[in-house]
Amino acid sequence: MNLNKALYLATNEISNVCENPAKVAKRLLMHHLNASIEWIFLHGNENLNNEIAYFELVRRFKNYEPLDYILGFTSFYGLDFDVESGVLIPRPETEILVDKSLEILSSIKKPRVAEIGVGSGVISICLALKLGIFITATDINKKALNLTFKNAKKFGVSDYIKLIQTSYLEGIFGDFDLVVSNPPYIANDYVLDKFVLNEPKNALFGGFVGDEILKDIIRISANRGIRNLACEIGYNQKASLSKALEQSGYKAEFYQDLAGFDRGFVAKLI
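No experiment lies behind these values; they were computed from the predicted model shown.

Draft legend 1. Inspection of the nonpolar core at higher detail. One finds Val 179, Ile 218, Leu 229, Leu 245, Tyr 250 and Phe 265 to be the most contacted residues of the largest nonpolar core, which totals 30 residues. For this core, the elements supplying multiple residues, two or more each, are strand 3 (113-116), helix 9 (212-223), strand 9 (228-232), helix 10 (238-247), strand 10 (250-256) and strand 11 (262-269). Membership of the second largest hydrophobic core comes to 28 residues, among which are Ile 104, Ile 125, Leu 145 and Val 157.

Draft legend 2. Just the layout of surface pockets, in detail. Roughly 740 Å³ of volume is contained in the largest pocket. If you trace the largest pocket, you find 32 residues lining it, with Tyr 185, Ile 186, Leu 192, Glu 232 and Arg 263 closest to the centre. A per-class count over the lining of the largest pocket returns 19 nonpolar, 6 polar and 7 charged. Lining the second largest pocket are 32 residues, and of these Gly 117, Asp 139, Asn 182, Pro 183 and Pro 184 sit closest to its centre. Of all the secondary structure elements, the ones that give two or more residues to the lining of the second largest pocket are strand 3, helix 7 (122-131), strand 4 (135-139) and helix 9.

Draft legend 3. Main features of the packing of helix 2 (residues 21-33) against helix 4 (residues 51-62). Between helix 2 and helix 4, the least distance of the axes is 10 Å, while the angle of their chain directions is 135 degrees. Relative to helix 4, the element helix 2 is oriented oblique. Our pair here, helix 2 against helix 4, has a crossing hand that is right-handed. Of the residues in helix 4, those touching helix 2 at Val 24, Ala 25, Leu 28, Leu 29, His 31 and His 32 are Ala 53, Tyr 54, Leu 57, Val 58 and Phe 61. Its residues placed into classes, the contact of helix 2 with helix 4 shows 9 nonpolar, 2 polar and no charged.

Draft legend 4. Structural detail: a nonpolar patch on the surface. A grouping of Met 1, Tyr 8 and Leu 9 is seen on the molecular surface, where their side chains present a nonpolar patch of about 280 Å² in accessible area. Tracing the backbone through its elements, the reader meets Tyr 8 in helix 1 (residues 3-13). Relative accessible area serves as the criterion here: at 55%, Tyr 8 is assigned to the exposed category.

Draft legend 5. Quick peek at the pattern of salt bridges. For the coordinates displayed, the defined rule picks out 10 salt bridges. A salt bridge links Lys 62 to Glu 13; its shortest N-O distance comes to 3.0 Å. Remark: Glu 13 occurs in helix 1 and Lys 62 occurs in helix 4; sequence separation between them is 49 residues. Here Lys 62 falls in the partly exposed class, since its relative accessible area comes to 35%. For Lys 154, the salt bridge is made with Asp 82, and the minimal N-O distance between the two is 3.2 Å. Placement of Lys 154 in helix 8 (residues 142-154) and of Asp 82 in strand 2 (residues 79-82) is noted, with a sequence separation of 72 residues between them. Taken together, the shared-partner salt bridges connect Asp 82, Lys 150 and Lys 154 into one network.

Draft legend 6. Highlighting helix 9. End to end, helix 9 covers 17 Å across 12 residues, agreeing with the expected 16 Å (1.5 Å per residue, within 8%). Those residues of helix 9 that fall on the buried side of the exposure criterion are Leu 214, Ile 217, Ile 218, Ile 220, Ser 221 and Ala 222. Gly 225 lies just past helix 9 and shows a positive phi near 70 degrees.

Draft legend 7. Summary view of the sheet that holds strand 5 (residues 161-165). Ordered in space as 5-4-3-6-9-11-10, the 7 strands form an open sheet in which the pairing is mixed. Two strands in the sheet have a free side with no partner beyond their single neighbour: strand 5 and strand 10. The mean inter-strand angle of the sheet, taken between neighbouring strand axes irrespective of direction, is 15 degrees. This element, helix 6 (residues 94-105), spans strand 3, strand 6 (178-181), strand 9, strand 10 and strand 11 of the sheet and lies at about 170 degrees to strand 9. In the packing of helix 7 onto the sheet, the strands contacted are strand 3, strand 4, strand 5 and strand 6, and the crossing angle to strand 4 comes to about 175 degrees.

Draft legend 8. Here's a closer look at the pairing of strand 4. Counted residue by residue, strand 4 has 5 buried out of 5 residues, so it is predominantly covered. Every second residue of strand 4 is oriented toward a common face, with Ile 135, Ala 137 and Asp 139 on one face and Thr 136 and Thr 138 on the other, all of them buried. In the sheet, strand 3 pairs with strand 4 via 4 bridges, with the strands oriented parallel. Within strand 4, the position partnered with Glu 115 by the bridge is Ala 137. Where the polypeptide runs from strand 3 across helix 7 and back to strand 4, its parallel neighbour, the crossover connection is right-handed.

Draft legend 9. View of the packing of aromatic side chains. By the definition in use, this model includes 9 aromatic pairs. Relative to Phe 195, the ring of Tyr 64 lies with its centre 5.2 Å away and its plane at 65 degrees, an arrangement referred to as edge-to-face. With Tyr 64 in the loop between helix 4 and helix 5 (67-71) and Phe 195 in the loop between strand 7 (186-187) and strand 8 (205-207), the pair connects residues that are 131 residues apart, well separated along the chain. Here Phe 81 and Phe 155 contribute two aromatic rings whose centre-to-centre distance is 4.9 Å and whose plane-to-plane angle is 55 degrees, an arrangement assigned as tilted. Separated by 74 residues along the polypeptide, Phe 81 in strand 2 and Phe 155 in the loop between helix 8 and strand 5 bring together distant segments of the chain. These aromatic residues form a ring-pair network of at least three members: Phe 76, Tyr 77, Phe 81 and Phe 155.

How each quantity is defined
Residues numbered from 1 in each chain as written. Predicted model: local features only at pLDDT ≥ 70, side-chain atom pairs only at ≥ 80, totals over all residues. Heavy atoms only, no water. Core = buried A, V, L, I, M, F, W, Y, C linked by side-chain atoms within 4.5 Å. Buried < 20%, exposed > 50% of the residue type's maximum accessible area, 1.4 Å probe, protein only. Helix = DSSP H or I, 4+ residues; strand = E, 2+ residues; numbered from the N terminus. 1 Å grid on protein atoms, 1.4 Å probe; cavity = no way out; pocket = protein on both sides within 12 Å on 5 of 7 lines; lining within 4 Å. Points joined across faces, edges and corners; volume = space filled by probe spheres on them. Nonpolar A, V, L, I, M, F, W, Y, C, P; charged D, E, K, R; others polar. Axes fitted to C-alpha atoms, helices over the stretch in contact; angles between N-to-C directions. Parallel < 35°, antiparallel > 145°, perpendicular 65-115°, else oblique. Left-handed = near helix turned anticlockwise from the far one by under 90°. Contact = heavy atoms within 4.5 Å. Patch = residues over 30% accessible without salt bridge, like charges linked within 9 Å, V, L, I, M, F, W, Y side chains within 5 Å. Areas by Shrake-Rupley, 256 points an atom, 1.4 Å probe, with all protein chains shown as cover. Salt bridge = Lys/Arg side-chain N within 4 Å of Asp/Glu carboxyl O. Expected span 1.5 Å × (residues − 1). Pairing = 2+ DSSP bridges. Right-handed = clockwise from strand over helix to strand, strands pointing away. Phe/Tyr/Trp six-rings, centres within 6.5 Å; stacked < 30°, edge-to-face > 60°.

The analysis is restricted to geometry; functional conclusions fall outside its scope.
Structure, rendered in structure tokens:
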């Protein structure tokens, strides 16, 4: 079987599970062959080596395994981060949270930063790369901490990020100038597509309403006198979180994503 026929068959195989099956089939073939799309176009009439392995990748995608898990990486902030099953895949919208955090930290000399729910490490690693600062990062998921260490080592900042397996900031002492978090914030009964449901549920669902963990972060940060917060939120949580922030003594500004949905807030303790 040549490459062109393999792409044709793969595209048909996954045509019912995604919007652009031809693009996905090409991405999977590039991954299988470790080749560029240009090379594939130029060699389309050549035989496909190990076609069984290629169509195993196609089968995994057809069974709703996210493409990033199959490829083993995702692009974030212009960098390719390793990703793996059991750890949330970073979303492009979270790049805005990195930018907002950088804005806050730019005016603080030698800032002390904590990230709650580090996941694959993209936020802490980007902040460490940009500012050369030390960050304390927590997660309840040991697999996430291991992946963060792997990514931090890949980008040369493993010595800048202290990883701790804990809930929120439990057992961690000291003051912080900023707490940043992209926590689970989806309501438990919200219906997700089948690809997203193959990501870890404890990194997606935030409770009955969805904003419970965010409210915990606000309360914990206020009790510890943490002056700055930067958090990602659900599109329908601005009103409830505005009230929670005000009650805890924070003055907040909310920001939107590129689609115009409320996506997060930055807040300062007053």
